[in-house]
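Coordinate analysis (summary)
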Number of protein chains: 2
Amino acid sequence: MATIKDVAKLAGVSPSTASRAMHDSSLISEETKSKVRHAMQELDYSPNFAAQNLANQSSNTIGVILPAREEAVGENPFFIQIIQGLASICNAHDYLVAVASGQTDEELIKNLETMIKRGNITRFVFVYSQVNDPVLEFIKQQKQTQYVVIGSPESDRDQTCYVDNDNHLAGYDATRYLLEKGFETVIYAYTNLDEGVQNARYLGYQQALNEFKLPKFPLELSNRVADEAKNAQALRELLKKVSGRIAVLACDDILALDIQYLWDLCEVDPSKIAMMGFNNSGLAKIARPTLTSVEIFPRFLGTEAAALVINKDKDTFKLDLNRVIVPHKIIERDSTRF
Amino acid sequence: MATIKDVAKLAGVSPSTASRAMHDSSLISEETKSKVRHAMQELDYSPNFAAQNLANQSSNTIGVILPAREEAVGENPFFIQIIQGLASICNAHDYLVAVASGQTDEELIKNLETMIKRGNITRFVFVYSQVNDPVLEFIKQQKQTQYVVIGSPESDRDQTCYVDNDNHLAGYDATRYLLEKGFETVIYAYTNLDEGVQNARYLGYQQALNEFKLPKFPLELSNRVADEAKNAQALRELLKKVSGRIAVLACDDILALDIQYLWDLCEVDPSKIAMMGFNNSGLAKIARPTLTSVEIFPRFLGTEAAALVINKDKDTFKLDLNRVIVPHKIIERDSTRF
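Note that the structure is predicted; figures quoted are calculated from it, not measured. Counting restarts for each chain: residues are numbered from 1 in the order of the written sequence. Chain letters start at A and ligand numbers start at 1, both assigned in the order the entries are written. Local features in a predicted model are, by the rule used here, given only for residues with pLDDT of at least 70; side-chain atom pairs are given and counted only at 80 or more, and totals for whole chains, interfaces and linings are based on all residues. Heavy atoms from the whole structure form the basis of all side-chain values; hydrogens and water molecules are not counted.

Here we come to the overall build of chain A. Each helix is a run of DSSP H or I of at least 4 residues and each strand a run of E of at least 2, with the numbering of both proceeding from the N terminus. Secondary structure summary: chain A contains 14 helices and twelve strands in total. The buried label applies to any residue whose accessible area, calculated with a 1.4 Å probe on protein chains only, is under 20% of its type's maximum; exposed applies above 50%, and partly exposed to all values in between. In chain A, which comprises 338 residues, the share counted as buried stands at 54%. Within chain A, counting contacts between residues at least 6 apart in sequence, those at least 24 apart form 70% of the total. As displayed, chain A has an accessible area near 15500 Å², and 49% of this comes from carbon and sulfur atoms. The contact rule is simple, with two residues in contact once any of their heavy atoms fall within 4.5 Å. Using the Shrake-Rupley algorithm and a 1.4 Å probe, accessible areas are obtained, with residue cover drawn only from the displayed protein chains.

With that settled, the discussion passes to empty space enclosed by the protein. Residues and elements named next belong to chain A. The rule is simple: put a 1 Å grid over the protein atoms alone, call a set of points where a 1.4 Å probe fits but cannot get out a cavity, call an open set with protein on both sides within 12 Å along at least five of seven lines a pocket, and count a residue as lining if it has an atom within 4 Å of a point. Grid points are joined across faces, edges and corners, and a volume is the space filled by probe spheres set on the points. Here the structure, examined in full by the defined rule, presents three cavities of 30 Å³ or more. Counted as a void, the second largest cavity has a volume near 60 Å³. F126, Y128, S129, Q130, D133, L136, V149, P153 and E154 together form the lining of the second largest cavity. Here the lining of the second largest cavity is composed, by residue class, of five nonpolar, two polar and two charged. Residue type decides the class: Asp, Glu, Lys and Arg count as charged, Ala, Val, Leu, Ile, Met, Phe, Trp, Tyr, Cys and Pro as nonpolar, and the leftover types, Gly among them, as polar.

Before going further, it helps to spend a moment on the packing of aromatic side chains. Pairs of aromatic rings are described using the distance from one ring centre to the other and the angle between the two planes. Stacked, edge-to-face and tilted are the three classes for Phe, Tyr and Trp ring pairs, Trp counted by its six-membered ring, which pair at centre distances within 6.5 Å; planes under 30 degrees apart are stacked, over 60 edge-to-face, the rest tilted. On inspection of all chains with the given rule, the structure shows 18 aromatic pairs over all chains. A centroid spacing of 6.1 Å and a plane angle of 20° characterise the contact between A:Y188 and A:Y190, whose relative ring orientation is stacked. The buried category is assigned to A:Y188, whose relative accessible area is 0%. An angle of 80° between the planes, with centres 5.9 Å apart, marks the rings of B:F126 and B:Y147 as edge-to-face. Separated by 21 residues along the polypeptide, B:F126 in strand 3 (residues 123–126) and B:Y147 in strand 4 (residues 146–150) bring together distant segments of the chain. The burial state of B:F126 is the same as that of B:Y147; both residues are buried. Here the aromatic residues A:Y188, A:Y190, A:Y202 and A:Y205 are joined through ring pairs into a cluster of three or more. The ring of A:F183 has A:R245 sitting right over it, with the charged end atom 4.5 Å from the ring centre. For a Lys NZ or an Arg CZ to count as sitting over a ring, it must be within 6 Å of the ring centre and within 35 degrees of the ring normal.

Below, the discussion takes up the pattern of salt bridges. Every case where a carboxyl oxygen of Asp or Glu lies within 4 Å of a side-chain nitrogen of Lys or Arg is listed as a salt bridge. Under the defined criterion, the tally for this structure stands at 30 salt bridges over all chains. With a shortest N-O distance of 2.1 Å, B:E228 and A:R288 are connected by a salt bridge. Placement of B:E228 in helix 11 (residues 228–241) and of A:R288 in the loop between helix 13 (282–286) and strand 10 (292–295) is noted, with the two residues assigned to different chains. In this structure, the salt-bridge partner of B:K272 is B:D269, at a minimum N-O distance of 3.6 Å. By relative accessible area, B:K272 is classed as exposed at 59%. A residue is classified by how much of its surface remains accessible, and B:D269, at 38% relative accessible area, is partly exposed. A cluster of three or more residues bridged by salt bridges with shared partners is formed by A:K181, A:E332, A:D334 and A:R337.

Time to look at the pairing of strand 2 (residues 96–100) of chain A. All names here are of chain A. With respect to burial, strand 2 is a largely interior element, five of its five residues being buried. Covered by surrounding structure in strand 2 are L96, A98 and A100 together with V97 and V99, the residues of both alternating faces. Note: strand 1 (residues 61–65) against strand 2, five bridges, orientation parallel. Its bridge partner lying in strand 2, V64 is registered against V99. Strands pair, by our definition, only if DSSP identifies at least two bridges between them.

All names here are of chain B. Spatially, the six strands line up as an open sheet ordered 7-6-8-9-10-12, and their pairing is mixed. Across the chains shown, the open sheet's two edge strands, defined by having one partner strand only, are strand 7 (217–220) and strand 12 (329–331). The mean angle between the axes of side-by-side strands here comes to 25°, regardless of whether they run parallel or antiparallel. Note: strand 9 (residues 273–278) against strand 10 (residues 292–295), three bridges, orientation parallel. Paired with F278 across the strands is V294, a residue of strand 10. Note on geometry: axes are C-alpha line fits, over the in-contact stretch for helices, and angles between N-to-C directions span 0 to 180 degrees. Packed onto the sheet, helix 10 (residues 196–211) meets strand 6 (185–190), strand 7, strand 8 (246–250) and strand 9 and runs at close to 165° relative to strand 6.

Quick look at helix 3 (residues 30–43) of chain A now. Residue and element names in this part refer to chain A. Each residue after the first adds 1.5 Å to the expected span of a helix. Taking 1.5 Å per residue as the helical rise, helix 3 with its 14 residues ought to reach 20 Å, and the 20 Å between its terminal C-alpha atoms agrees with that figure. By the burial criterion, the buried members of helix 3 are T32, K33, V36, A39 and M40. Taken down its axis, helix 3 places every buried residue within 125° of arc, on the same side. Of the exposed residues in helix 3, the ones pointing more than 90 degrees away from its buried face are E30, E31, H38, Q41 and E42. Elements in contact with the buried residues of helix 3: helix 1 (4–11) and helix 2 (15–22). Looking at the residues trailing helix 3, positive phi occurs at D44, about 55°. The directions considered for the arc are those from the helix axis to the C-beta atoms.

This part is about the nonpolar core. If you look at the biggest cluster of nonpolar residues, it comprises 98 residues, and the most contacted ones within it are A:L112, B:I65 and B:L112. Counting residues in each nonpolar core, the second largest holds 94 residues, with A:V186, A:F217, A:A232 and B:L221 among its members. Definition of nonpolar core: a set of buried residues of the types Ala, Val, Leu, Ile, Met, Phe, Trp, Tyr and Cys, connected through side-chain atoms within 4.5 Å.

Interpretation of this model should avoid reading the predicted coordinates in detail wherever pLDDT is low. Residue and element names in this part refer to chain A. Summary statistics for chain A give a mean pLDDT of 87 and a share of 90% for residues scoring 70 or more. pLDDT is a per-residue confidence score from the predictor, ranging from 0 to 100. In the model of chain A, helix 4 (residues 49–56) stands out as the element of lowest mean pLDDT, 55, in contrast to strand 6 (residues 185–190), which has the highest, 98. The low-confidence segment residues 314–320 (pLDDT under 50) makes seven contacts with residues lying over four places distant or belonging to another chain.

A few words on a negative patch on the surface. Patches here: salt-bridge-free residues with over 30% relative accessible area, like charges joined within 9 Å, nonpolar side chains (Val, Leu, Ile, Met, Phe, Trp, Tyr) joined within 5 Å. Note on charges: Lys and Arg go in the positive column, Asp and Glu in the negative column, and His and the chain ends are not counted at all. The atom standing in for a charge is NZ when the residue is Lys, CZ when it is Arg, CG when it is Asp and CD when it is Glu. Together, A:D264, A:E267, B:D264 and B:E267 make up a negatively charged patch on the protein surface. In this fold, B:E267 is placed in the loop between helix 12 (253–266) and strand 9.

For the rest of this paragraph, the subject is the sheet that holds strand 12 (residues 329–331) of chain A. Residues and elements named next belong to chain A. Spatially, the six strands line up as an open sheet ordered 7-6-8-9-10-12, and their pairing is mixed. The sheet is open, and its two borders are formed by strand 7 (217–220) and strand 12, each paired with just one other strand. Between one strand and the next, the sheet's axes are offset by a mean angle of 25°, whatever the strand orientation. As judged from the three bridges shared by strand 10 and strand 12, these two strands associate in the antiparallel manner. Paired with S293 across the two strands is I331, which belongs to strand 12. Helix 9 (residues 167–180) rests against strand 6, strand 8 (246–250), strand 9 (273–279), strand 10 and strand 12 of the sheet, and its axis sits at about 160° to strand 9.

Now for the environment of B:N167. Residue and element names in this part refer to chain B. Looking at the secondary structure, you find N167 in helix 9 (residues 167–180). Excluding residues that lie within four positions of it along the chain, N167 makes contacts with V197, A200 and R201. For the purposes of these results, a polar contact is taken to be a pair of N or O atoms within 3.5 Å, where, inside protein, one atom must be able to donate a hydrogen and its partner to accept one; residues adjacent in sequence count only when each atom of the pair is a side-chain atom. Within polar-contact distance, the side chain of N167 engages the side chain of R201 at 3.0 Å.

In C-alpha cells:
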C-alpha cells in the first residue's frame, strides 16, 4: 500500500508539504497541489482512517446505538432497513458505521464508553427513542459528543436533532382516506396511548373526524393473546353502538391482523368492515384480505439520519434544521376496496 | 484524555518503555510493568484504537456485510438479532463492528474497498449466503482478509468458516415430532427446493418418513398472492389423496400463515389439520391458532460468528473448527395441540 512518503517522493515535495496539499492548505500553491493530486492518483493512495483519526483526534466513524432490550428490537421490524440506509450513505462518504449493542443498558453504556474513549467516536445515531433512557443520558453527558435520534425524542425535543415520520399527519391522512371512501364510522384501535407513535396517530385521527364533524370511536385493545375474549367483547360492544359503513384504523399492522382474527369470535362478517394499518410491514402483504397500510419508508429514516450526522457541526448547528420529516404514503390493498 | 506520554511521565520511564510495558514485552522488568500499569490506572488511560490500528497495520474492527438487495433483507427478519449478537460480543472484546451496505453489489464492493484500504479492516462476517455472490468473490481475492459466513456457504463449503443451524436435523426433528404426536400424513410445503435452507429441511423430513416407512407428500406452492387460487387447487388435490390425521409442515412461518389463509378457499375445516413452521418468527405468535414452530436462535448465530472471527488466526486455522452449529428447539403452540 502506498504511503504519504511515496506520494511526496513522486511529487518531488516533502511529506509535510504533501500532507498540507492533501488538506488543501492555503500555504501551498495550486501547482504543487496539482502535482500531489496526480501522484496520489498514480499510486492509488488513500489516506488511512487510523492515521486520519489520530490527526483529527476524532474519528471518521458514526456510532449506531441499538436498544439494549432484545424485545424492543423484535417490536420494530425496521431497524435493519434503517441501518442499511444509514450505512449506505455513510459508506459512500467514507465514514464507517459502528454498531453499539449490549444485553442490558449497563453493558451498552460500558461498550459506548470504550467506543468513545478508545475509538474517538463523537457522533452517534440512536435508532430508537425511549422514555427516561439512561443510554441517551450517558451520551448527553459526554463532552463534544453529538447525536441524532430516529423517532421523536421523548424529552428536550427542541434541543434534539431527530428524524421521524409525521405520525400526526399520517393518522390524519389515513382517516381522511377512509372518510373520503365513504365510511361513516371510523374506529381507531390502539393498545397504549402513552406510546408516542400511537398517540400522535390518534391525534391526527381526531383532527380529521372533527373536520368532518363525525364522532370518534377510540378502542383500547390488549396485545396479549390471553386477553382475546376480552378484546372480542370490547369490539362487539362498540359495534353495537355504531352504524353505516364501518372501517377500523389500527395503530399498526400487527394490531390490524390481531383484529382480523377477532371477527370469528365476534360473529361479525369481516367482508363488511374495512381495515387499515400503519407501517406497511410484511404482514400487510401476507394478510387476507391483503391489508391497506401507511408506508413510512424506514430506509429513508436511515439515509436522512446519516446526512444529518455527517453534516452536523456544533458551531453551525441551527435549531431550524434540527428536524427532518420523512414522508408517508397510503398503500391501498383489498381490505379497504369496497 | 491521558496520552502515553503522561503515563510514561507518571511512571518515571520513557514513552517507548511505557509502550513496551503495555504490550507485555519480555525486555521490560516486572517492576517497571507494574509501575506502568499503576500509572495507566491512575490516569484512566486506554490505548487509542486509531493509534493501535496504525501500529498493528490491521484494525480492531470487524466488518459486517449486509446483502445489497433490499428484498433479501426483508426476507430475513433475523438480521437485526444476528447483528445484536455480533456487536454484543465484539464490543465486549473491544472490537468495533462496522456495517457495510450498498444499494447494489457494485456499490457494496466499492464501500468494502474503502473499508479495507482506509480502515485496514481484514476480518469480515457475511450475514447471508448466496449463490455466485460477487461480493464474496471480492473478499476472497483480497490478501490477508478472513471471513466467516452465517448460513451454509453455497460453494467451497470445506474451505469456508461458517455458522449455521442444522436445517437437515431441524426438518428431521420437526417431522418426528409430528409423527410421534400421531399424525399419519405429514405434508412438506415449500416454495423453492433450489434454496438451500428449504432443501435441507426437506431432506430431514424425507429421512424421518423413511424411518417410519411412511410415504412423502411434498407440495410446491407459489409465494405470489396472485397464485392463491392455483395454490388452493394444489392443496385440494393433495388432500384428496391422503387420509388419517393430517399435519402440514411448512418450510417457514410465512408459508404456514399463507396456507392457513388457503383453508377457506379449499373448503377444508382447518381445526382438523395440524400446522407447523420454522424460524419461530413474530408471525408464529400472532397467527390464530398460534403456530408451533422451530426456534433457530438468530442471536446465537451472531455471537458464535463473533467468537469465530475474533479468534480466527490464519496460521492456526484448523479445518475441523471451521463450522459452528447453533441448536434449534421446537416451540409447541395451539396449531399442533390436538
